[in-house]
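Chain by chain, the residues run as shown.
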Amino acid sequence: MKHYFNPMSRAITTDWMLNELDAPHEQITIDFASNENNTAEFRKINPMGKLPALVDGDAVVTEVSAICAYLADKFPEKNLAPDVGSVERAAYYRYLFFACNTIEPAFALAACGLEHPDPVSAGWGDMPRVLATIEDMTPETDWALGEQFTAADVVFGGLLDFSITFKWLEPSPKVAAYVARIRQRPAYRATHSAFDNA
């Protein structure tokens, strides 16, 4: 597998996922300063010119949630995803997609001082709803799905961690405690040394 990466990108999360799995891969650093993400070669991999990207033989996967889900299923022996068809799998999908489809666009707009003019038509609604749902979905103890750490924690917890680090989110005590648990994981610490505030 080839993992296209820059430590100042969302690929920090997929790097963490690869480390949680101890998955053999080639790390290919894309230099933003040299505009390597916009070369014709890289645009064949991801026409968006964005990171992360994962190439596994003929399979090309982009987007943090998609890469983490793909990797969890590729290495089932690592138990980073619940069984297909289980109740836990339904919750797992919700965490994966809520993070990138709802939290990130809402926070990105807010960070620019913007609000969607019609929250009813926006998939993420409005900030009060996003914050209330984050609070509801954040576990009191352990991990998103209970005692077993999964890719849901990498994606959901990783985005909360990012949002706190870059001042997008003022965490409640419950969210802060969950992110503190995330930051103690060895694979997190190995991949986030520049950002680790623990």
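Residues numbered from 1 in each chain as written. Predicted model: local features only at pLDDT ≥ 70, side-chain atom pairs only at ≥ 80, totals over all residues. Heavy atoms only, no water.

Caption draft 1: Region of the structure containing the overall build of the protein. A count of helices and strands for the protein gives 8 helices and 4 strands. Listing each helix as α and each strand as β along the protein from the N terminus yields β-α-β-α-β-β-α-α-α-α-α-α. For 198 residues, the compact-globule formula gives about 16 Å, and the C-alpha radius of gyration of the protein, at 17 Å, lands near that figure. Projected onto its principal axes, the C-alpha coordinates of the protein cover approximately 40 × 40 × 35 Å. Counting the 198 residues in the protein, one finds 45% classified as buried. In the protein, 60% of the contacts between residues at least 6 apart in sequence involve partners at least 24 apart. (Helix = DSSP H or I, 4+ residues; strand = E, 2+ residues; numbered from the N terminus. Rg over C-alpha atoms; globule rule 2.2 N^0.38 Å. Buried < 20%, exposed > 50% of the residue type's maximum accessible area, 1.4 Å probe, protein only. Contact = heavy atoms within 4.5 Å.)

Caption draft 2: Looking closely at the layout of surface pockets. Each pocket or cavity is described by its volume, and for the largest pocket that value is around 360 Å³. Lining the largest pocket are 20 residues, and of these S9, R10, I12, T13 and F162 sit closest to its centre. Secondary structure elements with two or more residues in the lining of the largest pocket: α1 (11-21), α4 (87-111) and α6 (151-165). If you tally residues by element for the lining of the largest pocket, the top one is α6, at 7 residues. Each residue belonging to the lining of the largest pocket can be placed in one class, and the counts come to 12 nonpolar, 5 polar and 3 charged. Volume-wise, the second largest pocket comes out at about 260 Å³. Lining the second largest pocket, in full, are R10, N46, M48, K50, L51, P52, T62, E63, V64, C100 and E104. Class assignment of the residues belonging to the lining of the second largest pocket gives a composition of 5 nonpolar, 2 polar and 4 charged. (1 Å grid on protein atoms, 1.4 Å probe; cavity = no way out; pocket = protein on both sides within 12 Å on 5 of 7 lines; lining within 4 Å. Points joined across faces, edges and corners; volume = space filled by probe spheres on them. Nonpolar A, V, L, I, M, F, W, Y, C, P; charged D, E, K, R; others polar.)

Caption draft 3: Seen up close, the nonpolar core. If you look at the biggest cluster of nonpolar residues, it comprises 44 residues, and the most contacted ones within it are M17, L71, I103, I134, F156 and L160. For this core, the secondary structure elements donating two or more residues are α1, α3 (64-74), α4, α5 (127-137), α6, α7 (173-183) and α8 (186-191). Setting aside residues up to four positions removed in sequence, I134 forms contacts with F98, I103, F107, F156, L160 and V175. Listed in part, the 9 residues of the second largest apolar core include Y4, F5, I30 and V55. (Core = buried A, V, L, I, M, F, W, Y, C linked by side-chain atoms within 4.5 Å.)

Caption draft 4: Region of interest: α1. Of all 11 residues in α1, 10 are buried; the element is thus mostly enclosed. Among the residues making up α1, those that are buried are A11, I12, T13, T14, D15, W16, M17, L18, E20 and L21. Check the buried side of α1 and you find it contacts β1 (2-5), β2 (26-29), α3, α6, α7 and α8. Just downstream of α1 lies D22, where phi reads positive at about 55°.

Caption draft 5: Representation of the side chain of N37. The residue N37 is located in the loop between β2 and α2 (40-45) in this model. Residue N37 is classed as buried on the basis of its relative accessible area, which comes to 11%. Polar side-chain contacts of N37 include one of 3.1 Å to the backbone oxygen of G49. Among all residues touching N37, those that are not within four sequence positions of it are I30, F32, F42, R43 and G49. (Polar contact = N/O pair within 3.5 Å; in protein donor to acceptor, adjacent residues only side chain to side chain.)

Caption draft 6: Fine view of the pattern of salt bridges. Within the structure shown, the criterion is met by 6 salt bridges. Note that E104 and R10 form a salt bridge whose closest N and O atoms lie 2.4 Å from each other. Of the two residues, E104 sits in helix α4 while R10 sits in the loop between β1 and α1, which places them 94 residues apart along the sequence. Judged by its relative accessible area of 14%, E104 falls in the buried class. Under the relative-accessibility criterion, R10 is labelled partly exposed at 41%. (Salt bridge = Lys/Arg side-chain N within 4 Å of Asp/Glu carboxyl O.)

Caption draft 7: Representation of the packing of α1 against α6. As a packed pair, α1 and α6 sit with axes 10 Å apart at the nearest point and diverge in direction by 155°. Overall, the two elements α1 and α6 adopt an arrangement that is roughly antiparallel. Viewed along their axes, α1 and α6 form a crossing whose handedness is right-handed. Packed against α1, whose contacting residues are T13, W16 and M17, the element α6 presents A151, D153, V154 and G158 at the interface. Of the residues in the contact of α1 with α6, the class split is 4 nonpolar, 2 polar and 1 charged. (Axes fitted to C-alpha atoms, helices over the stretch in contact; angles between N-to-C directions. Parallel < 35°, antiparallel > 145°, perpendicular 65-115°, else oblique. Left-handed = near helix turned anticlockwise from the far one by under 90°.)

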